[in-house]
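Residues per chain are reported as follows:
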Amino acid sequence: MAEWESLELVAEHERILREIESTEAACIGPTLRSVYDGEEHGRFMEKLETRVRNHDREIEKMCNFHYQGFVDSITELLKVRGEAEKLKNQVMDTNRRLQNDGKELIDSMEELKKCRIQQRNIAATIDKLNMCLPVLEMYSKLKEQMKTKRYYPALKSLEHLEHTHLPQVSHYRFCKIMVDNIPKLREEIKDISMSDLKDFLESIRKHSDKIGETAMKEAQQQRNLDKILSHQPKIGSVKKPRKDAGSSPLNGTSPMSEQDSGILDVEDDDEEDEVPVAHDLVDFSPVYRCLHIYSVLGARETFENYYRKQRRKQARLVLQPPSNMHETLDAYRKYFNQIVGFFVVEDHILHTSHGLVNRAYLDELWEMALSKTVAALRTHSSYCSDPNLMLDLKNLIVYFADTLQCYGFPVNQLFEMLLEIRDQYSDILLKKWAGVFRNILDSDNYSPIPVADEDTYKKIVGQFPFQDTELEKLPFPKKFPFSEFVPKVYSQIKEFIYACLKFSEDLHLSSTEVDDMIRKSTNLLLTRTLNNCLQTVIKRRNIGLTELVQIIINTTHLEISCKFLEEFITNITNVLPETVHTTRLYGLTTFKDARHAAEEEIYTNLNQKIDQFLQLVDYDWMALESKGRASDYLTDLIAFLNSTFAVFTHLPGDIRAHATMPGKVAQTACMSACKHLSTSLLQLLLETEVRQITLGALQQFNLDVRECERFARSGPVPGFQGDTLQLAFIDLRQLLDLFIQWDWSTYLADYGKPTCKYLRVNPTTALILLEKMKETSRKNTVFAQFRKNERDKQKLIDTVAKQLRSLINS
């Protein structure tokens, strides 16, 4: 076993030696390592030394074998040595001569080398300069653009410089300075463009009224043109085309423009015939430029938010009306111009800025503006008391609404508000016309209008629709039945209708709606304003009977004229009265009420006059006998009544022919006066202060009543049938006859029968009067108790009184 291991070890050493002999020195490390990894390296060293000795013996053998040849070679080399020395000397001599001869050439070559180096450096420098010059030129151009405020081109140059030129020469120090300055330049451009935008916004805020004024003039001119064309055959559209909403902002106001014009050109145009387009007054380039700059710089959203925020603030300022706006139309006009100017600018920005503002943003602004504007107009218009100012305001609001409607903004709320203002306008008109009517009624002489010639007659007939063939046949001079206030009031009613129509124009209402509005307002004028004025005149303290009669005549003619007013309204509105839901005029009621009030006033005045005369009554209720004639106060009263009713009965024939109503009023007034006189006289008898009445006093009273009956029989007012007027005194007559004739047996026997002679005598009234006469009889009982007739009369009175009480109780 040990022998087997020894053989393997020998074979391994042999293999290692062969590898050492055949392997390169650089790769012998692993082989030697395998020797040291084993445990028999000592034996390997012995084996290696043995192999080295063997190789040494073989080298020695080989050297001995080739030694003679080596000696021969050395001998030959020694022979060559001398020749080599000679050759060396010759070469050195030749080299020396060559060096001496090439020295100039070497100097020339050195100079040429230097020149070549310089030339190469120059070429390299030129190449580098050619690379740097575009950068410097672009930077110089950038500075020039910044200096001339062409910021958008400057931004483009900056972008081109940063991404194209600087990367090629980025290792130069000046380029690093440029690179460091680029963010600063960008911020500077942003700040300057934002500053221009702020200037633009400030200028727009200051000149919004000028822009709005131009836009409203443009809309008004177009509207007038449309009205003209609507009455002419349509040959072709001459409407001034609106600037293309979708046109690119690069046209004229491009951010790429090489010139920056002013923000606003608000100089007045000398040409009056042509109104400039509103947005042409504005240079929008600062907006477009700033928008594009911020878009390029990746801050578009920041810019949009800033712009919208600032414009919202400006909108709130524009929508804040001045405190005294209601005082003048110019204040309203300036307020509207500012609002229109604001939205004209925003509308143009909407259609040209490609998203700076959107429709939702603009609609939100308009909703806010509309609500604030309507609220402001409602508030300030409520202070207005001048109908002319209110009408001008209405026209201004219509122009305002039409202008904004041309730009696509909904304005229905404005027209709805105009309907509210129209009601206020109607109230103002009613107040104004109340003053007009008062002046007419106060200045009227309440006498029929005299006409001396044909021209005057035609003038009045032209003012008031009056036709009468009989009056026309009469020769001049003649009189109209009515006074001057009739044609004046009629003309003023027409003026009121015209004023209502003016406000209803251009409100986009149908003819039926306009007709209905006019009729309702006219009804208010008649039933409230004119009626109040008439009632005031009628109730005046100093109004006379003649004036009241004339008022009755006047209101009769005005009542007849209402049908002509209806025709007048129909003609101006082209709406037939038969149209469904058409409002009718209520003037008939107004004039009837005024006439009835005048009639009542006549009756009241007459009764008051009668009461004034009755206050002069001074009866001696204890008189033993009458004066034999009527009392003075009653004579005067009858004279007054005769003269009063003569006003009715002695009207001029041409007036009486057209005034049947005063005749009826006279009859009613006369009957009323007689009844009031009869009632008042009866009250004199029944007054509690009159405790005793003698037969003589009663006879004097009877004489006064007979005077009244004589007046009634005389027919102070024609038209009464038979003894109708005398019936007013029938109660007094039967009562007096009963007491003077002392016909109690007949009264008591026939009481309650239709054929009773004293049917109108009330038992209570008879008892009261009887008690007063009874008191008188009692005073004389001391001396009369010895006279049998007086005692019998006293008993009769007691008996009659007892029976009267029985009748009253039953």
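Residues numbered from 1 in each chain as written. Predicted model: local features only at pLDDT ≥ 70, side-chain atom pairs only at ≥ 80, totals over all residues. Heavy atoms only, no water.

(A) The packing of helix α15 (residues 511–538) against helix α16 (residues 545–573), seen in detail. At a minimum axis separation of 11 Å, α15 and α16 run at an interaxial angle of 170°. Put simply, α15 runs roughly antiparallel to α16. On the side of α15, the interface is formed by Ser511, Val514, Asp515, Ile518, Arg519, Thr522, Leu534, Val537 and Ile538, while α16 contributes Leu548, Ile551, Thr555, Glu566, Ile569, Thr570, Ile572 and Thr573. (Axes fitted to C-alpha atoms, helices over the stretch in contact; angles between N-to-C directions. Helix = DSSP H or I, 4+ residues; strand = E, 2+ residues; numbered from the N terminus. Parallel < 35°, antiparallel > 145°, perpendicular 65-115°, else oblique. Contact = heavy atoms within 4.5 Å.)

(B) Main features of the pattern of salt bridges. Inspection of the entire model under this criterion finds 27 salt bridges. With a closest N to O distance of 3.3 Å, Lys217 and Glu213 form a salt bridge. Of the two residues, Lys217 and Glu213 both sit in helix α5 (residues 173–230), four residues apart, roughly one turn of that helix. Here Lys217 falls in the partly exposed class, since its relative accessible area comes to 41%. One salt bridge connects Asp743 with Lys757, and the closest N-O pair in it is separated by 3.9 Å. One end of the pair, Asp743, is in the loop between α22 (730–741) and α23 (744–750); the other, Lys757, is in the loop between α23 and α24 (763–779), with 14 residues separating them in the sequence. Judged by its relative accessible area of 15%, Asp743 falls in the buried class. Taken together, the salt bridges that share partners define one network made up of Asp93, Arg96 and Arg97. (Salt bridge = Lys/Arg side-chain N within 4 Å of Asp/Glu carboxyl O. Buried < 20%, exposed > 50% of the residue type's maximum accessible area, 1.4 Å probe, protein only.)

(C) Broad picture of the side chain of Thr555. Looking at where Thr555 falls in the secondary structure, it is placed in helix α16. On the accessibility criterion, Thr555 (0% relative accessible area) is buried.

(D) Focus on the environment of Leu414. Inspection of the secondary structure assignment puts Leu414 in helix α11 (residues 412–443). Given a relative accessible area of 0%, Leu414 falls into the buried group. C-alpha separation for the pair Leu414 and Ser371, spaced 43 residues apart in sequence, amounts to 9.4 Å. Other than its neighbours up to four places away in sequence, Leu414 contacts Leu370, Val374, Phe400 and Ala401.

(E) Structural detail: the packing of aromatic side chains. Going through the model one piece at a time under the given rule, you end up with 32 aromatic pairs. Judged by centre distance (6.0 Å) and plane angle (55°), the ring pair of Phe200 and Phe284 falls under tilted. You can see Phe200 sitting in helix α5 and its partner Phe284 sitting in the loop between α5 and α6 (285–296), a full 84 residues away along the chain. The same class applies to Phe200 as to Phe284, namely buried. Here Trp742 and Trp744 contribute two aromatic rings whose centre-to-centre distance is 5.8 Å and whose plane-to-plane angle is 90°, an arrangement assigned as edge-to-face. Residue classification places Trp744 among the buried positions, given a relative accessible area of 2%. Feature note: the residues Tyr457, Phe464, Phe466, Phe476, Phe480, Phe482 and Tyr490 constitute an aromatic cluster, connected by ring pairs. The ring of Tyr457 is capped by Lys478, whose NZ or CZ atom sits 4.7 Å from the centre of that ring. The positively charged end of Lys494 is found above the aromatic ring belonging to Phe568, 5.0 Å away from the centroid. (Phe/Tyr/Trp six-rings, centres within 6.5 Å; stacked < 30°, edge-to-face > 60°. Lys NZ or Arg CZ within 6 Å of the ring centre and 35° of its normal.)

(F) Seen up close, a nonpolar patch on the surface. There is a patch of nonpolar side chains on the surface, built from Tyr67, Phe70, Ile74, Leu77 and Leu78 and spanning about 550 Å² of accessible area. With respect to the helices and strands, Leu77 occurs in helix α3 (residues 41–147). Judged by relative accessible area, which is 55%, Leu77 ranks as exposed. (Patch = residues over 30% accessible without salt bridge, like charges linked within 9 Å, V, L, I, M, F, W, Y side chains within 5 Å. Areas by Shrake-Rupley, 256 points an atom, 1.4 Å probe, with all protein chains shown as cover.)

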